[in-house]
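# Analysis of the macromolecular model
Chain residues, written in single-letter form:
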Amino acid sequence: MSGIYEQAIEKFGIESQMKKTVEELTELSLAIQHYSQEKSSSNNICEELADVWIMGQQMAKIFGEDRVEEWKLKKIERLKRLVAEL
Ligand SMILES: [Mg+2]
């Protein structure tokens, strides 16, 4: 039995889940923008972050979790270097 992310990809299709990811990214982007203009709440940001996280997990399943993990490690190393420079 595959997990919920694989099941969602299987049921709705890759194309649809990619579109959904773009929609959720837009919603998160707007929530953050609106928060700084005091037009949205921190709870709204948390909700949209959860949506993006769930879609991100599905994108990783589609494009390769190992590759995402590799990039994540590289990006964290880069962040550590940037923080150390300050
Ligand atoms: Mg959303």
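Refer to the structure printed above.
A brief structural summary.

Basis of the calculations
- Residues numbered from 1 in each chain as written.
- Predicted model: local features only at pLDDT ≥ 70, side-chain atom pairs only at ≥ 80, totals over all residues.
- Heavy atoms only, no water.
- Phe/Tyr/Trp six-rings, centres within 6.5 Å; stacked < 30°, edge-to-face > 60°.
- Lys NZ or Arg CZ within 6 Å of the ring centre and 35° of its normal.
- Donors = N, O, S within 2.8 Å, 3.2 Å for Na, K, Ca; no water.
- Helix = DSSP H or I, 4+ residues; strand = E, 2+ residues; numbered from the N terminus.
- Patch = residues over 30% accessible without salt bridge, like charges linked within 9 Å, V, L, I, M, F, W, Y side chains within 5 Å.
- Areas by Shrake-Rupley, 256 points an atom, 1.4 Å probe, with all protein chains shown as cover.
- Salt bridge = Lys/Arg side-chain N within 4 Å of Asp/Glu carboxyl O.
- Lys, Arg positive; Asp, Glu negative; His and termini not counted.
- Charge placed at Lys NZ, Arg CZ, Asp CG, Glu CD.

To continue, consider the packing of aromatic side chains. Within this structure, the stated rule accounts for 0 aromatic pairs. The ring of W71 has K74 sitting right over it, with the charged end atom 4.3 Å from the ring centre.

Bringing the coordination of the magnesium ion into the picture now. The protein atoms donating to the magnesium ion are E24 (OE), E27 (OE), E48 (OE) and D51 (OD), with metal-donor distances spanning 2.0 to 2.2 Å. Of note, the magnesium ion draws all its donor residues from one chain, in the sequence arrangement E-x2-E-x20-E-x2-D. Linking E24 in helix 2 (residues 14-36) with D51 in helix 3 (residues 42-63), this pair joins segments that are 27 residues apart in sequence.

Side chains of L79, L82 and V83 sit close together on the surface and give an oily, nonpolar patch of about 260 Å² of accessible area. Within the fold, L82 resides in helix 4 (residues 65-85).

A surface patch of like charges, here positive, comprises K74, K75, R78 and R81. Relative to the helices and strands, K75 resides in helix 4.

Honestly, it's all geometry; don't read function into it.
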